[in-house]
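Residue-level listing of the chains:
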Amino acid sequence: MRFRNLLVAGAAVALSLILMEAGARLWLPGPRFLEGRVELDPLLGFRGLPGYRGEGTDQRGQFGYELNSRGFRGPEIPNPPTLGASRVAFIGDSAVFGERVRDEQLMTALTAAALGERGEPTEVYNLSGLDYGTGQQLLLLRQLGPALRPEAVVLLLHPVDDLINNAIALAGSAMVSRADHLRPYLIEDNGVIEDNGEFGVRYAHPIRAALRRHSRVYAALEGPVLNFAVARQITWLYPWSPNQGVGQRLASGLTPREDFEIFRNHDPGHRWEQAWRTTLGLLRAFRDECEALEAKLLVVVVPSMYQVERNAKRTRLGIETLLVTRSALDGYVDWNVPERRLARFFAREGIESRLLLSPLRAAAGVDSPTFGLDEQLAPRGHEVAARTIVAWLTAEEGEASNGPQTGRPVRTLADPDSAPRLLDFAAAPQTQYLGNGWLRWEPEGSGDAWGWMMGPSALVVLPAHDAELVLRGQVPAGTTLPVAGRIDVAGRATQDFSLEQIGAFDVRVSWPETAHTATEDGYLVAILSTSGSVVIQQVGFDLVESTEAIEPLP
């Protein structure tokens, strides 16, 4: 009798699960990930959501973009291919996807326009996905290459991201790679892809991957559960997320961020050396695939923002490194390691390549940053890449040099003596002085909401002054009051404040003159934090007194 009751109960549970799954497949949409921008894909792990409409911000304000029916930016892939036109396929990750770049400013659009001006009928396709690694890009080429039949393939290799995305040993080690639990990893049994390009598919979390592929209920629940775990730091639910801060890493003799380990040389058995071996094997397989398609291959190496520019984010890491190690960040890592290794590899394998490190450094400056707030190529960076690629496609001399890789990142902050004491966001977003945490900028004229909508925490760098620091803005209607705030200046002190009403606010804080720590560039690094969303309109040092100043909390 007990066995029969257990059998009946088990059957009831199984039937309930089957009905739940059937209902989920009928009424629930496919699960979305990365803030709803991608959906699951049985081959690639995930892909851009077809028809997705996104928004970006630049110096001109807000703009939109839309993904085509395959989840890519740019024109649809014709089937069959257009007769009489050459086809160039760009394959890459977020660097080419360009979320904060307008359609016409993408390197793919610029390449198509440049070739069109030369009278060469060429179709350019952007087959790039958010957070894709080289393994996924190889699978994508195998999937779409036979139908597209490109004459040329431009592979955009982003070593800092791609080595993490390619190596299962690095899964979950850095926030630059947020979809490690979703992606398929192409590896052999010994963890290395050999010269023949044969590989197997593995997942960092195989049980979760199987459930995700076969159960709509599980896939629909996974995203909210993971968001809950991340918000509450339940690390066993998201083991791919790093749990060491910058200070902890530096005190342990590591680089400030896990992805910066690529700028060091390691022992052969180190996980980063495994990532290098896997990535080089994938590049060989990519070359072989292009040869099978009878397509020319160009590998364009896109450096990290930190290799090119000494900007606001780099300034923060610089001062944190200085405070912990008493050493400058530029002396702590070798920014040119990836390019040197890749140049030797490409020469040995006979793979045509262009390294963008030197051209991007040459193009970067105070008034022409080559990277944006998202650490991806800005329009200026896309211009440099497009010129290099067009020169290769037209057999002209390219800008990029694959010779000895030397030099250091270029400062893109103004000299502190000429930099504005007070950042005013009325007419310009002032992005060269900003880091993470700034969500959306609106120019003056859009009502009280002009300025930057700030997330829970935002980074800003300011020329160092022994004066009151001023923070002005608006508390939007509907915000839960009071709004608790904090201004944390690295190496100086922390001040708390509270916003008690909707509308304009003016916060002023000061520190003892002896509490003064600036970077080697003469800048202070400030982290602004609030418990509710606020709009920041001005931040900096202002000698003008205010009659509505809010006193900081003791």
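Each value, and the rule that gives it
- Residues numbered from 1 in each chain as written.
- Predicted model: local features only at pLDDT ≥ 70, side-chain atom pairs only at ≥ 80, totals over all residues.
- Heavy atoms only, no water.
- Core = buried A, V, L, I, M, F, W, Y, C linked by side-chain atoms within 4.5 Å.
- Buried < 20%, exposed > 50% of the residue type's maximum accessible area, 1.4 Å probe, protein only.
- Helix = DSSP H or I, 4+ residues; strand = E, 2+ residues; numbered from the N terminus.
- Contact = heavy atoms within 4.5 Å.
- Phe/Tyr/Trp six-rings, centres within 6.5 Å; stacked < 30°, edge-to-face > 60°.
- Lys NZ or Arg CZ within 6 Å of the ring centre and 35° of its normal.
- Pairing = 2+ DSSP bridges.
- Arc of directions from axis to C-beta.
- Expected span 1.5 Å × (residues − 1).
- pLDDT = per-residue confidence, 0-100.
- Axes fitted to C-alpha atoms, helices over the stretch in contact; angles between N-to-C directions.
- Parallel < 35°, antiparallel > 145°, perpendicular 65-115°, else oblique.
- Nonpolar A, V, L, I, M, F, W, Y, C, P; charged D, E, K, R; others polar.

Take the nonpolar core next. In this structure, Phe90, Met107, Leu127, Phe286 and Phe346 are the most contacted members of the largest nonpolar core, which totals 93 residues. Tallying contributions element by element places helix H9 (residues 271–293) first for this core, with 10 residues. Filtering out sequence-adjacent residues up to four positions away, Met107 remains in contact with Phe90, Ala95, Val96, Leu156, Leu377, His382, Ala385, Ala386 and Ile389. Listed in part, the 42 residues of the second largest apolar core include Ala419, Met454, Leu471 and Val525.

Quick look at the packing of aromatic side chains now. Pairs of aromatic rings are described using the distance from one ring centre to the other and the angle between the two planes. By the definition in use, this model includes 11 aromatic pairs. Grouped by ring-pair contacts, the aromatic residues Phe260, Phe263, Tyr306 and Trp335 constitute a single cluster. Sitting over the face of the ring of Trp392, Lys296 holds its NZ or CZ atom 4.8 Å from the ring centroid.

Looking at chain direction, strand S16 (residues 438–442) and strand S17 (residues 451–454) are connected through four bridges and run antiparallel. Among the inter-strand pairings, Arg440 is bridged to a residue of S17, identified as Met453.

Our next topic: helix H3 (residues 107–117). Within H3, burial applies to Met107, Thr108, Thr111 and Leu115. Projection of H3 onto a plane perpendicular to its axis shows the buried side chains occupying an angular sector of 100°, all on one side. Contacts made by the buried residues of H3 are with strand S6 (86–91), helix H2 (94–97), strand S7 (122–126), strand S8 (152–157) and helix H14 (379–393). Positive backbone phi, approximately 80°, marks Gly119, located one or two places after H3.

What follows covers the sheet that holds strand S3 (residues 45–48). As summarised here, the arrangement of the three strands in space is S1-S2-S3, forming an open sheet in which the pairing is antiparallel. Strands at the two margins of the open sheet, each flanked by one partner only, are strand S1 (32–33) and S3. As paired strands, S1 and strand S2 (residues 38–41) are joined by two bridges and run antiparallel to one another. Paired with Phe33 across the bridge in S2 is Val38.

Attention shifts here to helix H12 (residues 337–349). Across its 13 residues, H12 extends 19 Å between first and last C-alpha, which sits within 8% of the 18 Å expected from 1.5 Å per residue. Buried within H12 we find Val337, Pro338, Glu339, Leu342, Ala343, Phe345 and Phe346. Where H12 ends, the next residue or the one after it, Gly350, has phi of about 70°, a positive value.

It is worth spelling out the confidence of the model for the protein chain at this point. In the predicted model, the protein chain carries a mean pLDDT of 84, and the fraction of residues at 70 or more is 83%. Here helix H1 (residues 2–27) is the element of the protein chain with the lowest mean pLDDT, 62, and S8 is the one with the highest, 98. Across residues 546–554, confidence stays below pLDDT 50; counting only partners more than four residues off in sequence or on other chains, it has 20 contacts.

A packed helix pair is summarised by two numbers, namely the angle formed by the two axes and the spacing between the axes. Contact geometry of helix H5 (residues 159–166) with H9 gives a least axis separation of 8 Å together with a crossing angle of 95°. When the interaxial angle is binned, H5 and H9 end up roughly perpendicular. Residues Val160, Asp162, Leu163, Ile164 and Asn166 of H5 form the contact with H9, whose participating residues are Trp272, Ala275, Trp276, Thr278, Thr279 and Leu282. Among the residues making up the contact of H5 with H9, the classes are represented as seven nonpolar, three polar and one charged.

So, on to the sheet that holds strand S13 (residues 353–355). The five strands lie next to each other as S7-S6-S8-S11-S13, forming an open sheet whose pairing is parallel. Bordering the open sheet on either side are S7 and S13, each of which pairs with just one other strand. Across the sheet, the mean angle separating the axes of adjacent strands is 15° when strand polarity is ignored. As paired strands, S6 and S7 are joined by five bridges and run parallel to one another. The residue bridging Arg87 from the neighbouring strand is Glu123, located in S7.

Along the chain, Leu481 connects to Pro482 via a cis peptide bond; the corresponding omega equals -5°. Within the secondary structure, Pro482 sits in the loop between strand S19 (469–475) and strand S20 (483–489). The phi dihedral of Glu375 is positive, around 70°, even though this residue is not glycine. Residue Glu375 is classed as buried on the basis of its relative accessible area, which comes to 15%.

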